[in-house]
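Here's the letter readout for the chains.
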Amino acid sequence: MRILLVEDDTLLGDGVRVGLKQAGFAIDWVQDGLAAKLALETEPYALMVLDIGLPKLSGLDVLKWLRERHLNVPVLILTARDTVADRVAGLNAGADDYLIKPFDLDELIARLNALLRRSAGQVALILQHGEIELTPSTHQVSKNGQAIELSAREFTLLHELLLHVGRVQSREQLEQHLYGWGEEVESNSVEVHIHHLRKKLGVELIRTLRGVGYVIDKVDGKS
Ligand code: CA
């Protein structure tokens, strides 16, 4: 999952960036409203975490611009305490959720996972596919009830494929969920992670369409 983080407070921004990266998200971090617009124009994001008080262009203006263009990336806004007006204006401008600073990193991750589920049209707290279960909130995966250990990137890939069962995704699309800006993309990394996922979860789970991409097929006509 690739997330755009817009936050001008370097201490807070760096803490969130590190925490979300550890949770398996790919993060691009920008520190003003104009850079946020540029990023949104050039990269597809699964989510945006948006501070309201920003240099150059406020978070509210970024949000209004985004929604006027009918870009429906889910947005969680960050607001200072005692600024009810900001929160209301943010929600009215099309924010999907908000957190008040200071906030707990675990709560941010839980809320982001909830937004991802909603945007993918999933209401279940657990993604189930045949014998395999994936719980986004706890980062747990099991097969036939047996816990399976996955790396953060393996988890991210499996999560992305399970959110879109039946839809083929190219290697480039999947790579975008694994790496933020400035992170070196290891060659063949998607292939390597898929290989590990197959070893851990069964070779039949993920299907390769040579030259096209990867897909997890529907089970018995349902997901
Ligand atoms: Ca700020």
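Residues numbered from 1 in each chain as written. Predicted model: local features only at pLDDT ≥ 70, side-chain atom pairs only at ≥ 80, totals over all residues. Heavy atoms only, no water.

It is not clear to me how helix α5 (residues 105-119) should be interpreted in this structure. Could you clarify?
Think of an α-helix as turning once every 3.6 residues; residues three or four places apart then point the same way. Here α5 is 15 residues long and its end C-alpha atoms lie 21 Å apart, about the 21 Å a rise of 1.5 Å per residue gives. Within the span of α5, buried status applies to Leu-108, Ile-109, Leu-112, Asn-113, Leu-115, Leu-116 and Arg-117. The inward-facing, buried residues of α5 contact β1 (2-6), α1 (10-22), β3 (47-51), β4 (75-79), β5 (97-100) and α6 (152-163). The N-terminus of α5 is capped by Asp-104, whose side-chain oxygen sits 3.0 Å from the backbone nitrogen of Asp-106. (Helix = DSSP H or I, 4+ residues; strand = E, 2+ residues; numbered from the N terminus. Expected span 1.5 Å × (residues − 1). Buried < 20%, exposed > 50% of the residue type's maximum accessible area, 1.4 Å probe, protein only. Contact = heavy atoms within 4.5 Å. Polar contact = N/O pair within 3.5 Å; in protein donor to acceptor, adjacent residues only side chain to side chain.)

What is the right way to look at empty space enclosed by the protein in this model?
Empty pockets left among the atoms are what a rolling probe the size of a water molecule brings to light. Applying the stated criterion to the full structure yields 1 cavity of 30 Å³ or more. Of the voids in this model, the largest cavity is the one considered here, and its volume is about 50 Å³. Residue lining of the largest cavity: Met-1, Ala-23, Gly-24, Phe-25, Asn-113, His-139, Phe-155, Thr-156 and His-159, and that is the complete set. With 3 residues, α6 is the single largest residue contributor to the lining of the largest cavity. Across the lining of the largest cavity, the residue classes tally to 4 nonpolar, 5 polar and no charged. If you count residues domain by domain, the lining of the largest cavity takes at least three from each of domain 1 (2-119) and domain 2 (127-215). (1 Å grid on protein atoms, 1.4 Å probe; cavity = no way out; pocket = protein on both sides within 12 Å on 5 of 7 lines; lining within 4 Å. Points joined across faces, edges and corners; volume = space filled by probe spheres on them. Nonpolar A, V, L, I, M, F, W, Y, C, P; charged D, E, K, R; others polar. Domains from an automatic or database assignment.)

Any chance you could explain the coordination of the calcium ion here in plain terms?
For a metal bound by four donors in a tetrahedral arrangement, the ideal donor-metal-donor angle is 109.5 degrees, while six donors in an octahedral arrangement ideally sit at 90 or 180 degrees. Within the protein, Asp-8 (OD), Asp-51 (OD) and Gly-53 (O) serve as the donor atoms for the calcium ion, at 2.2 to 2.3 Å. Taken in chain order, the donor set of the calcium ion reads D-x42-D-x1-G. Taken together, the residues Asp-8 in the loop between β1 and α1 and Gly-53 in the loop between β3 and α3 (59-68) connect sequence positions 45 residues apart. Looking at Gly-53, the relative accessible area reads 47%, which means it is partly exposed. (Donors = N, O, S within 2.8 Å, 3.2 Å for Na, K, Ca; no water.)

Whenever I open this one, the nonpolar core confuses me. Can you help?
Across soluble globular proteins, you tend to see nonpolar side chains buried next to one another. Within the largest apolar cluster, 44 residues are counted, with the highest numbers of intra-cluster contacts made by Leu-20, Phe-25, Leu-108, Val-141 and Leu-158. Broken down by element, the residue count for this core peaks at 6 residues, all from α6. Here this core spans two domains, since at least three of its residues come from each of domain 1 (2-119) and domain 2 (127-215). Apart from residues no more than four positions distant in its own chain, Leu-108 is found in contact with Val-16, Leu-20, Val-49, Leu-76, Leu-99 and Phe-103. (Core = buried A, V, L, I, M, F, W, Y, C linked by side-chain atoms within 4.5 Å.)

In this structure, what is going on with the pairing of β3? I would like to understand it.
On any regular strand, side chains alternate: one points to one face of the sheet, the next to the other face. In terms of burial, β3 is a largely internal element, 5 of the 5 residues being buried. The sheet contact formed by β1 and β3 spans 4 bridges and is parallel. Opposite Leu-4, over in β3, you have Met-48 as the bridge partner. Both β3 and β4 contribute to a ladder of 4 bridges, which runs parallel. Its bridge partner being in β4, Asp-51 is matched across the sheet by Leu-78. At this point the chain moves from β3, through α3, to the parallel β4, and the crossover so formed is right-handed. (Pairing = 2+ DSSP bridges. Right-handed = clockwise from strand over helix to strand, strands pointing away.)

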